[in-house]
Amino acid sequence: MQEFLTFTIIGLATGGIYAITAGGLTLTYTTTGIFNFAHGATGMFAAFLYWQMHYGWGWPVWIALVLCLLVFAPAFGVLLHLVIMRRLEGTSQATKLMVTVAILLSLVAAVTWIWDPNKNRTVQPFFRGHVLEISGVKVPYGDITTLGVALAVAIGLWVLLTRTRIGIAMRATVDDRSLAVLNGSRPEAAGMLAWAIGTFLAALAGILVAPKLSLSPLPLTLLIVNAYAAAVIGRLRSLPMTFVGALIIGVSGSYATRYIPKWEAGAPYLAGFISVVPVLVLFVALLLLPQSQLRGHSSSRTREFARKPTWPGGLFFAVAVVFGAFVASRTLSTADLFGSTQMWGLGIIALSVIPLVGYAGQLSLCQLSFAGIGAITVGHLGGSGNPISLLWAALICAAVGAVIALPALRLSGIYLALATAAFAVALDRWIFQLPKWTWGDHEYQVFKSGTLQLERFDLAIVDIDGDRAYFVFGSVMFALCSLLVIGIRRGEFGKRLLALKDSPAACATLGMNHKLTTLGVFAASAAIAGVGGGIYGGAVRSVSTSNFEFFVGLSVLMSMVIAGLTSPGAALFGGILLGTPLMTNLFPDWTQLTTILIGLNGIALGRNPNGMIASQLRPNWDPALKYPAVMVLGSSAVVLAYALREADVVGNYVMVLVIAAALIGISAMGKYLDAHATGKSNGLAELPEGMTAPPEKLGLSVPFTPADIEALDRTLGIPPLTAVSGGRHGS
């Protein structure tokens, strides 16, 4: 009994920390409509800052606490609101979520950059050595303090949101910002206060939990996943239920830690289960939520679009990718080529994001987990390089994706994102860590001895065991997958996905089976990710659980969001950024620069939710695609530059400069020809003096011509002018 009470108290103390964290999450979501994925990272940063002040510089505890909790945390929250969060008004929920993920990545990279991750750091618990004995159980003062603070936070937040004018104004701003302003509310003040209090609670939780964990960025950051479950139990609205849910999660984890190891037969297989108890609670809580109603059209989506690619453009992109890979394989150094073979696997994984998130608007955070399943399938079934294992990877991942889609049939938005995050974390911490087991006469182990060896595929036509051949093979697979994604967008299925993203309610009204469409896109996306995982595994030859961690998957997703969730070119960008030594070669001493750049660029999504490639780079090429002669001329220049390099007439740098000039020339010539043709068709020569662009380019309205009116009449089924008695304007 004494043991039971001891672990109950330990669990309640841990649950108190979860309650503080979940309370901050609930506050910011209730008052601003933004679910802050960076909440845990903020607490982690505050914990490191506290360590630096107290243990690094020797400042007294009370000074370090005051500066961290009452100066740094509120100031950081106000800065978040002024610089980032208030600019997200009118963006979709996916964009808001991705901006907070970008902040998470930036904070983790910054901490790893500032504080050497190889140095061991510890934080001592408060009131160390002081205990209170209750019924023979010694309770540390620190745990009692944590519980008291958690209870005070829950009561204080409840009073703030339900019994004060500013709290009611915060909630009203989320429900109807315009109406709240008309009634005298000040959204800016309410937003700043909400983020100041939210970051204060994150910092408080981070400092309180630091003594229970090693002072390491990822464990402290991902602790927030445990608090998600408490927030979801409270449905991101009820603070009392959030507090109760946090205590339940803390106690459940404490009991699992103590009693599961006593089960000798199952303990080795349930060791990882202990760490995923909060995640499983989160998943169950999500499944027990009342089914959300189908939403209608959201005006925020008018800022986001999915450009329809053309087959000529898609084929040109595919050929350019393969040709570029062939040139790179002949020019890169041996070390750089070996370090770059993985880019195509990562690029294909990034491609899998396009149908699911870009077209269908389903917030999935577990694409890299599907890739891990694909790599495991190829590793176990691809003995002697059997290429059929790649097909098995696609089929198995498609089946798993369909199963994961089942919660998606009743969840949407942030709840679906949390469900997929729970799945990814469960794989990382438990399933991928399972030891060897026997079933019948066969032995199984997910990752053999911690790593899984993969052989490159044995193709009958060509040997791709070398890095150069495998690099080109990876580009061919990437090109084929990009054409598949383009085919999805141009086909009937792509239209269904876009309709589902825009308005599920309208889809159901028109008789479309939105559930079957959701299952289909999850399965297709998971299959593509599985293929990418197999290609990636063959490139690196040896994979471990760290290759497919949830946090790494966030970087892949963010690279796609930054470049454009609907563009295959964005997947190529992500593959190059994350899968090549480009940044390492340019900045060898700045190891975290790639992650920081991804995070900083992701923060700017509020201004441009369509991404860099989809909205800025791609439109520059559209005019050139209309003129085959321009494309042929530019492509010939690229081929000629490579031929001269192979003949040793020019060097690598000259070849790169010529290719860059040719690409710029293709874009510029296309724009010129398109502008010239548009100018003629709009009567540019008759425009007033000084007007050098078509009227529609200048924001002016262009009157309909008689031909335009007749075409519109035919479309609407209206009789032409001559068939109407008395004419259009007759009496």
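In every chain, residue numbers begin from 1 and rise along the written sequence. Whole-chain, interface and lining totals are the exception, using all residues; otherwise, since this is a predicted model, local features are given only for residues with pLDDT of at least 70 and side-chain atom pairs are given and counted only at 80 or more. Excluded from the side-chain calculations are hydrogens and water; all other atoms, namely the structure's heavy atoms, are used.

## Describing the overall build of the protein chain
Here is step 1: A count of helical and extended segments in the protein chain gives 33 helices and 6 strands.
Here is step 2: Throughout this description, buried means an accessible area under 20% of the type-specific maximum (1.4 Å probe, protein chains only), exposed means over 50%, and partly exposed covers the range between. Out of the 731 residues in the protein chain, the part that is buried amounts to 50%.
Here is step 3: Long-range pairs, those at least 24 residues apart, make up 77% of the contacts in the protein chain between residues at least 6 apart in sequence.
Here is step 4: What sets the accessible areas is the Shrake-Rupley method with a 1.4 Å probe; for residues, cover comes only from the shown protein chains. Within the structure as shown, the protein chain displays about 33,400 Å² of accessible surface, and the carbon and sulfur contribution to it stands at 65%. Numbering of helices and strands starts at the N terminus; helices are DSSP runs of H or I of at least 4 residues and strands are runs of E of at least 2. Should any heavy atoms of two residues lie within 4.5 Å, those residues are considered in contact.

## Description of a nonpolar patch on the surface
Here is step 1: Patch members must show over 30% relative accessible area and no salt bridge, and they are joined within 9 Å when carrying like charges or within 5 Å when they are nonpolar side chains of Val, Leu, Ile, Met, Phe, Trp or Tyr. What counts as a salt bridge is simple: a side-chain nitrogen of Lys or Arg found within 4 Å of a carboxyl oxygen of Asp or Glu. On the surface, L381, I388, L391, W392, L395 and I396 cluster together to form a nonpolar patch covering roughly 560 Å² of accessible area.
Here is step 2: With 5 residues, the top contributor of residues to the nonpolar patch is helix α19 (residues 388-408).
Here is step 3: Examined against the element boundaries, L381 turns out to sit in helix α18 (residues 367-381).

## Quick look at the pattern of salt bridges
Here is step 1: A full pass over the atoms with the stated rule returns 5 salt bridges.
Here is step 2: With a closest N to O distance of 3.5 Å, K212 and D143 form a salt bridge. One end of the pair, K212, is in the loop between α8 (187-209) and α9 (217-222); the other, D143, is in helix α5 (residues 141-163), and 69 residues separate them in sequence.
Here is step 3: On the basis of relative accessible area, D143 is assigned to the buried category, the value being 12%.
Here is step 4: Overlapping salt bridges, with partners in common, bring together R330, R645 and E646 in one network.

## A closer look at the packing of aromatic side chains
Here is step 1: The pairing test for Phe, Tyr and Trp rings, Trp by its six-membered ring, is centres within 6.5 Å, and the orientation test on the planes gives stacked under 30 degrees, edge-to-face over 60, and tilted for anything in between. As enumerated under the stated definition, the model contains 20 aromatic pairs in all.
Here is step 2: With a centroid separation of 5.3 Å and an interplanar angle of 45 degrees, the aromatic rings of W57 and W59 are classed as tilted.
Here is step 3: You can call W59 partly exposed: its relative accessible area is 33%.
Here is step 4: Grouping aromatic residues by their ring pairs yields a cluster made of F45, F48, F72, F76 and W115.
Here is step 5: The criterion for a charge sitting over a ring is simple: Lys NZ or Arg CZ within 6 Å of the ring centre, and within 35 degrees of the ring normal. Above the plane of the ring of W51 lies R121, whose end atom (NZ or CZ) is 5.1 Å from the centre.

## Remarks on the packing of helix α16 (residues 343-351) against helix α21 (residues 467-490)
Here is step 1: Simply put, an axis is a line fit to the C-alpha atoms, just over the touching stretch for a helix, and the angle between two N-to-C directions goes from 0 to 180 degrees. Between α16 and α21, the shortest axis-to-axis distance is 9 Å and the interhelical angle comes to 10 degrees. Relative to α21, the element α16 lies roughly parallel. Taking contact as the criterion, the partners of M343, W344, G347, I348 and L351 in α16 are, on α21, F471, G474, S475, M477, F478, C481, S482 and V485.
Here is step 2: Its residues assigned to classes, the contact of α16 with α21 shows 9 nonpolar, 4 polar and no charged. Put simply, angles under 35 degrees are roughly parallel, angles over 145 are roughly antiparallel, angles from 65 to 115 are roughly perpendicular, and the rest are oblique. Note that Gly is not counted as nonpolar here; it falls among the polar residues with everything else outside the nonpolar set of Ala, Val, Leu, Ile, Met, Phe, Trp, Tyr, Cys and Pro and the charged set of Asp, Glu, Lys and Arg.

## A short note on the confidence of the model for the protein chain
Here is step 1: Think of pLDDT as the predictor's per-residue confidence, scored from 0 to 100. Taken over all residues, the pLDDT of the protein chain has a mean of 81, while the share at 70 or more is 82%.
Here is step 2: This model gives residues 723-731 a pLDDT under 50, and the stretch forms 6 contacts once residues within four places in sequence are excluded.

## Digging into the packing of α16 against helix α26 (residues 568-579)
Here is step 1: One way to put it is that α16 packs onto α26 with a least axis distance of 8 Å and a crossing angle of 140 degrees. On the basis of their axis angle, the class for α16 and α26 is oblique. When you trace α16 past α26, the crossing you get is right-handed. Contacts between α16 and α26 involve M343, W344, L346, G347, A350 and L351 from the former and P568, A571, L572, G575, I576, L578 and G579 from the latter.
Here is step 2: Of the residues contributing to the contact of α16 with α26, the split by class is 10 nonpolar, 3 polar and no charged. Rotating anticlockwise by less than a right angle from the far helix to the near helix defines a left-handed crossing, while the corresponding clockwise rotation defines a right-handed one.

## Focus: the side chain of S340
Here is step 1: Relative to the elements of secondary structure, S340 occurs in helix α15 (residues 334-340).
Here is step 2: Not counting the four nearest positions on each side in its chain, S340 is found in contact with L332, F471, G579, T580 and P581.

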